[in-house]
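Each chain, letter by letter, is given below.
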Amino acid sequence: MDLACRAVREDDAAEIAAIYAHHVLHGTGTFDLVPVSIEDWRGRIADIAANGWPFMVAERGGRVIGYAYAAQFRDREAYRTTCEDSIYIAENARGSGVGAYLLAALIAAAPTAGFREMVAVIGGPESASVALHTKLGFAEAGRLNNVGIKFGRSLDVLFMQRSV
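Residues numbered from 1 in each chain as written. Predicted model: local features only at pLDDT ≥ 70, side-chain atom pairs only at ≥ 80, totals over all residues. Heavy atoms only, no water.

**Points about the overall build of the protein chain**
Next up, step 1: Along its length, the protein chain carries 4 helices and 7 strands.
Next up, step 2: A compact globule built from 164 residues would reach a C-alpha radius of gyration of about 15 Å, and the protein chain, at 15 Å, matches this within 12%.
Next up, step 3: Taken along its principal axes, the extent of the C-alpha atoms in the protein chain is 40 × 35 × 30 Å.
Next up, step 4: Burial analysis of the protein chain (164 residues in total) assigns 45% to the buried set.
Next up, step 5: Restricting the contact set of the protein chain to residue pairs at least 6 apart, pairs at least 24 apart contribute 64%. (Helix = DSSP H or I, 4+ residues; strand = E, 2+ residues; numbered from the N terminus. Rg over C-alpha atoms; globule rule 2.2 N^0.38 Å. Buried < 20%, exposed > 50% of the residue type's maximum accessible area, 1.4 Å probe, protein only. Contact = heavy atoms within 4.5 Å.)

**Focus on the pairing of strand S7 (residues 153–163)**
Next up, step 1: As defined by bridge partners, strand S5 (residues 117–124) adjoins S7 across 8 bridges and the pair is classed as antiparallel. Each bridged residue has a counterpart across the sheet, and for Ala120 the counterpart in S7 is Met160.
Next up, step 2: In the sheet, strand S6 (residues 139–150) pairs with S7 via 8 bridges, with the strands oriented antiparallel. Considered in S7, the bridge of Ile149 is made with Ser154.
Next up, step 3: What sits between the antiparallel neighbours S6 and S7 is a turn of 2 residues, in which Phe151 has the positive phi angle 55°. (Pairing = 2+ DSSP bridges.)

**With respect to the sheet that holds S6**
Next up, step 1: Pairing within the open sheet is mixed, and its 7 strands lie in the order S1-S2-S3-S4-S5-S7-S6. Both edges of this open sheet fall to strand S1 (3–7) and S6, since each of them pairs with a single strand only. Adjacent strand axes in the sheet meet at a mean angle of 25° when their direction is disregarded.
Next up, step 2: Bridge count for strand S3 (residues 63–72) against strand S4 (residues 82–89) is 7 bridges, and the pairing is antiparallel. Considered in S4, the bridge of Ala70 is made with Asp85.
Next up, step 3: The strands touched by helix H2 (residues 38–50) within the sheet are strand S2 (55–60) and S3, with S3 carrying the most contacts at an inclination of about 50°. (Axes fitted to C-alpha atoms, helices over the stretch in contact; angles between N-to-C directions.)

**Some remarks on the pairing of S3**
Next up, step 1: Counting buried positions along S3 gives 8 out of 10 residues, so the element sits mostly inside the fold.
Next up, step 2: Two strands pair when backbone bridges link them, and S2 and S3 are joined in this way by 6 bridges, in the antiparallel orientation. Looking at the pairing, Val57 lines up with Tyr67 of S3.
Next up, step 3: Between the antiparallel neighbours S2 and S3 lie 2 residues, among them Gly61 with a positive phi of about 60°.

**Considerations on unusual backbone geometry**
Next up, step 1: Residue Pro125 follows Gly124 across a cis peptide bond; omega there is -20°.
Next up, step 2: Turning to its location among the elements, Pro125 is positioned in the loop between S5 and helix H4 (127–135).
Next up, step 3: One non-glycine residue with positive phi stands out, namely Asn146, at about 55°.
Next up, step 4: For Asn146, a relative accessible area of 53% puts it in the exposed group.
Next up, step 5: We note that Phe151 has phi near 55°; this positive angle belongs to a residue other than glycine.
Next up, step 6: Among the secondary structure elements, Phe151 is positioned in the loop between S6 and S7.

**Describing the nonpolar core**
Next up, step 1: Trp41, Phe55, Tyr67, Leu103 and Met118 are the most contacted members of the largest nonpolar core, which has 46 residues in total.
Next up, step 2: Listed by contribution, the elements that provide at least two residues to this core are helix H1 (13–26), H2, S2, S3, S4, helix H3 (98–109), S5 and S7.
Next up, step 3: A total of 7 residues in this core trace back to one element, the largest contributor, which is S3.
Next up, step 4: The contact partners of Tyr67, leaving out residues within four places of it in the chain, are Ile16, Ile19, Tyr20, Trp41, Phe55, Met56, Val57, Ser86, Ile87, Tyr88 and Leu102. (Core = buried A, V, L, I, M, F, W, Y, C linked by side-chain atoms within 4.5 Å.)

Encoded structure:
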């Protein structure tokens, strides 16, 4: 598959921004309505690194085709051992196993950052994301009904969780 997983670098920001922009503009997995700038992605990368949280990319042929990171679930101190995962795959790489590869690596890296529990917050809820998280051992933990509106549709948010 010629797939490699490595830690994110600041110079990955443009490719990450492009991957995320596609999901913002065409999917319900994120409730962002406007793509995030490259400069904002540089800031996110720096913030996650400063906290010692895992942020990795999947590469094929020297190109970033997906990324995943874990960040503290909420900013209150009591949540310090619980993280939320974020994972996005380039449209031309979806369905090829990249998501499972990246999420497995993220799960393996999370304990090093002090995390014990991982939560997925799935907008839509998008079926591919639900299937991916289920495959990697996540179970449904709750649902918020009709909390987002995107593309003229009222959308739920599904919470899934697993121990790491």
